[in-house]
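Coordinate analysis (summary)
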Amino acid sequence: MVQRIDQDRARFREIVRGSVKKDLRKYLSSGELIGKQGKRFVSIPLPQIELPRFRFGSNKGKGVGQGEGGEGEPAGTGDGDGAGQAGEQAGQHVLEVEVGLDELAQIMGEELALPRIESKGKKTIRALGGGYSSISRVGPESLRHFKRTFREALKRTIASGTYDPANPIVIPVKEDRRYRSFKLREVPDSSAVVIYMMDVSGSMGREQKEIVRIESFWIDTWLRSQYKNIEVRYVVHDAAAQEVDQHTFYNLRESGGTKISSAYELLLELLERKYAQDEWNVYPFHFSDGDNWSARDTERCVSLMKEKLLPRCNQFAYGQVKSAYGSGQFKKDLDSAFRGDERVVTSDILDRDSIPESIRHFLGKGR
Amino acid sequence: MGNLTPELLAERDKIKAVAETYGLDFYETVFELVDAEELNEVASYGGFPRRYPHWRFGMEYDQLAKSYEYGLSKIYELVINNDPCYAYLMRNNPVVDQKLVMAHVYGHCDFFKNNLWFGPTNRKMIDQMANHGTQVRRFVEDVGQDAVEDFLDIATSLDNLIDVHSAYRKALPRTREEHGGSARRESIDVPRLRAKDYMERYINPPEYLERERKRMEAEQSQAKRFPPKPVKDVLAFLIEHAPLEPWEREILSLIREEAYYFAPQGMTKIMNEGWASYWHSRIMTRHSLTDAEIIDFADHHSGTVHATPGRINPYKLGIELFRDIEMRWNKGRFGREWETCDDAERRLAWDMELGEGLKKIFDVRKIYNDITFLEEFLTPEFAEEQKLFVYGMNQRTGRVEILDRDPTRVKKELLKALTNFGQPYITVADANYANRGELLLEHRWDGVEIQVQQAQATLRNVQRLWRRPVHLHTFVEGKGKVLSYDGRSDSARETDERVELEES
């Protein structure tokens, strides 16, 4: 049977893609998809892909069931298919399709016109790959290359003049045997580390964190599609910084003052300790409401970045989430200190709707 | 034909012979062994290896493939109403499953061939579907993929607007009446009985005359409308009267044809599955099973016919009802004497040793469909024995609860759900609505609302065919409502009609 279905399937995927793309901005600014994330897929609800029909509404309500139970007991039907609907009719459920994270990243890339990221100039060479791609004269019998062996034998018989076309029997001897052998190949490897830093001081509210969460998810999705090997680290800070796991990062609520330099110091320590400069592409993302403790501390941040951090980073991103309490001074300070420096990108995130723009701003340079 | 292994071939011959001695009567049945992917593929095409291309088959396949991969579901049997019948067996099923499926399939094939409602279905549908495929592909070449796909989307979204009960009407109904005739407005003379003057008032009471005159007037103005009578086969009406391109007409016709082909399967789901289950159970347990297979068989059989609480399993309901009928006709539990007997003890021991059960169920499978089947044979005793109940949403607690176990109510709900097999009943009421050539569809109220959002979207599709504004008259929350789409925007207007909502 010819796989006719492949055509229809491809068409279906195309439609799904189109419809995801159309609604991408909606997804980008709501946390909806994050909860549905599997390991490699997200499932996306697509109500509009089902063909509309004249059909009964949900107030149909009643139906007939079968089983134990007294009157007034729950019938355990879930959404309950009435009799007679069995088979022919799809229920009222919303269709969910799974889309690979890679595909999603690609769609996002197209929609936001994100350039592919160029790796930092210093490509690390690492012997990772390879395979049974070469031939050797010795080896285990299980790896014997039959064709090559036969060819050698044929060559030998012809060269020695014992080959008889009328009776073409070729018998390989020990010297003819060829074996597959393993060959190491040097593959360029690109790895990246993303460090999310978040201000968790009292002024960052629930909504601000949600925005950070959504934005980080999409940045993550994109960077993961660009690098094979990616590590993600999370840092939170108020007056002091500490490294935390993902769950804590999103759920922690601290209060207290803000000393941004503490985070940058921790970042620097992390990079020096773990991520050798010429092996890693480094992407720090810092989210805060822009309220720093003192101008002195801001100065310290700027000098830290200038001298130590920026040379190590592909790009340093600072996102300023608008909050009721934050002054927003930090972004202004950064902007004036690094005017014209491509390595520093800052962005204002006013509300959820500005998330796509901010993502484009951060990732649009392709660094 | 077919590609069964010798072992399965031997089993098939055995099962076929047994089925035939019982009197099952079927077209030649071809079994194909296929692997899971092929089976999923055929299944997503509704059982047909070749059909027209459409993305929704791909969607179907995606879902089947996924749920098979995750081990959530697998397809056991797939049989096509065709001459010869085609049935697919999954290659990696154990032999006992294959036997079960083969016996089940012979049940289906017998039903296809003999049930009255399947009578008019095309028995060369496999070829016909392939033809449709070729046709559609040709249109794709002519007018382009996008145009055809758009149109298929529209046509598919309307494919439930057919008249399932007119299964025997083969040709398109001629709805266009001869126009012409006299244009002059005829005065209405109500025929009256002859009477003496003084008796006139009594023989021909004026109220009666007035009523009669109104009726005739209404009849006359109705006859001037177009269509003169509401048309249930909306698709046929559109094919005939909507301003379509020739290729559009063709596609709409083939969608309609396929809808009619599938309709009887929806009308006889309970009977068909019940009948097939009855026979696989009977053939397997009495003739085909080996001792070693009995546990697996029992497991899979009960998997097929198990009753999930709060849901009707057509396999279960069907097989039990057929068994109940067989028992009743074996013991003579029917007819006036049985029905009027209210001596519980006598009823319990009732057995006239008629032995007509088997003959009766063969008759039943011939002339009934799900609605008449349940209407006639679902007895109060059966409803109680099968623990049937009516469920519904309890507004107070906000959960779905068992409302009632009263057999009459159960039966009423069951039948209601089957009316027009679970689809809203929609007719073309007026094709010259407001005297502007607009199309008015009428949803016949039977107590359940249609889903308004979907209806609006569907209406847009109708408009794409009719080109002029279209309207749907229905009831929402007890009030009359006319939904409209004029090609640019949706609108909805309330009328002053009221219907009573059922208390729930």
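In this section: the overall build of chain B. Broken down by element type, chain B carries 20 helices and 10 strands. Here chain B holds 504 residues, and 53% of them are scored as buried. Residue pairs at least 24 apart in sequence account for 70% of intrachain contacts in chain B once pairs closer than 6 positions are excluded. Accessible area for chain B stands at about 24,500 Å²; split by element, carbon and sulfur atoms hold 49% of it.

An order of β2(A)-β4(B)-β5(B) is seen for the 3 strands of this open sheet, with the pairing classed as antiparallel. Two strands close off the open sheet at either side, each with one partner strand: β2 (63–66) of chain A together with β5 (399–404) of chain B. Mean inter-strand twist for the sheet, computed between neighbouring axes without regard to direction, equals 50°. Pairing of β2 of chain A with strand β4 (residues 388–394) of chain B involves 4 bridges; the strand directions are antiparallel. By the bridge assignment, G63 of chain A is partnered in β4 of chain B with Y391 of chain B.

Moving on, we come to the interface of chain A and chain B. With 51 residues of chain A at the interface, the matching set in chain B holds 82 residues. Roughly 6,300 Å² is buried in total at the junction of chain A and chain B, and carbon and sulfur atoms are behind 54% of that figure. At the junction of chain A and chain B, the tally comes to 4 salt bridges. Across the pair R13 of chain A and D62 of chain B runs a salt bridge, and its minimum N-O distance is 2.8 Å. For the side of chain A that touches chain B, the secondary structure elements donating two or more residues are α1 (5–22) and β2 of chain A. Ranked by residues supplied to the side of chain A that touches chain B, first place goes to α1 of chain A with 7 residues. Taken together, the residues of the side of chain A that touches chain B sort by class into 16 nonpolar, 19 polar and 16 charged.

Residue and element names in this part refer to chain A. Predicted confidence across chain A gives a mean pLDDT of 79, with 84% of residues reaching 70 or more. Of all secondary-structure elements in chain A, the lowest mean pLDDT belongs to strand β1 (residues 41–45), at 70, while helix α4 (residues 146–159) reaches the highest, 92. With pLDDT under 50 throughout, residues 77–93 is counted as low confidence; its partners more than four residues away or in other chains account for 30 contacts.

Summed over the entire model, instances satisfying the criterion amount to 44 salt bridges over all chains. In this structure, R9 of chain A engages D62 of chain B in a salt bridge whose closest nitrogen and oxygen atoms are separated by 2.5 Å. In this pair, R9 of chain A sits in helix α1 while D62 of chain B sits in helix α3 (residues 55–69), so the two residues belong to two different chains. Among the residues examined, R9 of chain A registers a relative accessible area of 29% and is labelled partly exposed. Given a relative accessible area of 7%, D62 of chain B falls into the buried group. When the shortest N-O distance is used, the salt bridge between E212 of chain B and R215 of chain B registers 3.0 Å. Within this pair, E212 of chain B and its partner R215 of chain B are both found in helix α8 (residues 206–224), separated by 3 residues, close to a single helical turn. In this structure E212 of chain B comes out as buried when scored by relative accessible area, which is 16%. When salt bridges with common partners are traced through the structure, they connect R9 and R13 of chain A together with D62 of chain B into a single cluster.

Looking now at the environment of V344 of chain A. All names here are of chain A. For V344, the location among the structural elements is in strand β11 (residues 344–349). With relative accessibility at 12%, the residue V344 sits in the buried group. Separated by 27 residues in sequence, V344 and A317 have C-alpha atoms that sit 6.0 Å apart. The residues touching V344, leaving out its near neighbours within four places in the chain, are M305, L310, F316 and F338.

Attention now goes to the confidence of the model for chain B. Residues shown with low pLDDT carry predicted positions that ought not to be read at fine detail. Summing up the model confidence of chain B, the mean pLDDT is 87 and the portion of residues at 70 or higher is 94%. Taken as a whole, residues 173–184 of chain B scores under 50 in pLDDT and shows 14 contacts with residues more than four places along the chain or in a different chain.

All names here are of chain B. Across its 19 residues, helix α5 (residues 125–143) extends 26 Å between first and last C-alpha, which sits within 8% of the 27 Å expected from 1.5 Å per residue. Considered for burial, the residues of α5 that qualify are M125, I126, M129, A130, H132, G133, Q135, V136 and F139. If you follow the buried residues of α5, they end up packed against β2 (78–80), β3 (85–90), α6 (145–157) and α10 (246–267). The positive-phi residue at the C-terminal boundary of α5 is G144, with phi of around 100°.

In this section: the packing of helix α11 (residues 269–288) of chain B against helix α17 (residues 370–377) of chain B. Residues and elements named next belong to chain B. Packing of α11 against α17 brings their axes to within 7 Å, and their N-to-C directions diverge by 75°. On the basis of their axis angle, the class for α11 and α17 is roughly perpendicular. Along its contact with α11, which presents K269, I270 and M271, the element α17 presents D370, F373 and L374. Of the residues assigned to the contact of α11 with α17, the class counts are 4 nonpolar, no polar and 2 charged.

With that settled, the discussion passes to the sheet that holds strand β9 (residues 479–485) of chain B. All names here are of chain B. Taken together, 5 strands build an open sheet; the order of strands is β6-β7-β8-β9-β10 and the sheet is mixed. On the outer flanks of this sheet lie β6 (426–433) and β10 (490–498), each paired with one strand and no other. The average angle at which neighbouring strand axes cross in this sheet is 25°, direction not considered. Pairing between β6 and strand β7 (residues 438–443): 5 bridges, direction antiparallel.

All names here are of chain B. With respect to the helices and strands, the residue E293 is situated in the loop between α11 and α12 (294–305). You can call E293 buried: its relative accessible area is 13%. A polar contact of 2.7 Å, which involves the side chain of E293, links it to the side chain of K99. Setting aside chain neighbours within four positions, we find E293 in contact with V95, V96, K99 and S288.

Buried within helix α16 (residues 357–367) of chain B are the following residues: G357, K360, I361, F362, V364 and R365 of chain B. At its buried positions, α16 of chain B is contacted by α4 (95–114), α11, α13 (314–331) and α17 of chain B.

The next thing to look at is the pairing of β10 of chain B. Residues and elements named next belong to chain B. In terms of strand pairing, β9 meets β10 through 6 bridges, oriented antiparallel. Residue pairing in the sheet places K479 in a bridge with R498 of β10. Hairpin connection from β9 to β10: 4 residues lie between these consecutive antiparallel strands, with G487 at a positive phi of about 100°.

A few words on the environment of D159 of chain B. Tracing the chain through its elements places D159 of chain B in the loop between α6 and α7 (197–203). For the pair formed by D159 of chain B and R256 of chain B, sequence separation is 97 residues and the distance between their alpha carbons is 6.4 Å.

A few words on the nonpolar core. If you look at the biggest cluster of nonpolar residues, it comprises 60 residues, and the most contacted ones within it are F373 and L374 of chain B. Shared between two domains, this core takes at least three residues from each, and those domains are domain 1 (6–115 + 268–298) and domain 3 (306–419) of chain B. Once residues within four sequence positions are removed from consideration, L374 of chain B is found in contact with I270, L317, L321, K411, L414, L415 and L418 of chain B. With 55 residues, the next largest nonpolar core counts I219, V244, A317 and V321 of chain A among its residues.

What follows is about the packing of α1 of chain A against helix α3 (residues 101–111) of chain A. Residue and element names in this part refer to chain A. Following both chains from N to C, one finds α1 and α3 inclined at 55°, their axes separated by 10 Å at the closest point. Accordingly, the angle class assigned to the pair α1 and α3 is oblique. Of the two possible hands of crossing, α1 and α3 adopt the one that is right-handed. Contacts between α1 and α3 involve R13, R17, V20 and K21 from the former and E103, L104, Q106, I107, E110 and E111 from the latter. In terms of residue class, the contact of α1 with α3 is built from 3 nonpolar, 1 polar and 6 charged.

Definitions and cut-offs
Residues numbered from 1 in each chain as written. Chains lettered and ligands numbered in written order. Predicted model: local features only at pLDDT ≥ 70, side-chain atom pairs only at ≥ 80, totals over all residues. Heavy atoms only, no water. Helix = DSSP H or I, 4+ residues; strand = E, 2+ residues; numbered from the N terminus. Buried < 20%, exposed > 50% of the residue type's maximum accessible area, 1.4 Å probe, protein only. Contact = heavy atoms within 4.5 Å. Areas by Shrake-Rupley, 256 points an atom, 1.4 Å probe, with all protein chains shown as cover. Pairing = 2+ DSSP bridges. Axes fitted to C-alpha atoms, helices over the stretch in contact; angles between N-to-C directions. Buried area = accessible area lost by both parts, 1.4 Å probe. Salt bridge = Lys/Arg side-chain N within 4 Å of Asp/Glu carboxyl O. Nonpolar A, V, L, I, M, F, W, Y, C, P; charged D, E, K, R; others polar. pLDDT = per-residue confidence, 0-100. Expected span 1.5 Å × (residues − 1). Parallel < 35°, antiparallel > 145°, perpendicular 65-115°, else oblique. Polar contact = N/O pair within 3.5 Å; in protein donor to acceptor, adjacent residues only side chain to side chain. Core = buried A, V, L, I, M, F, W, Y, C linked by side-chain atoms within 4.5 Å. Domains from an automatic or database assignment. Left-handed = near helix turned anticlockwise from the far one by under 90°.

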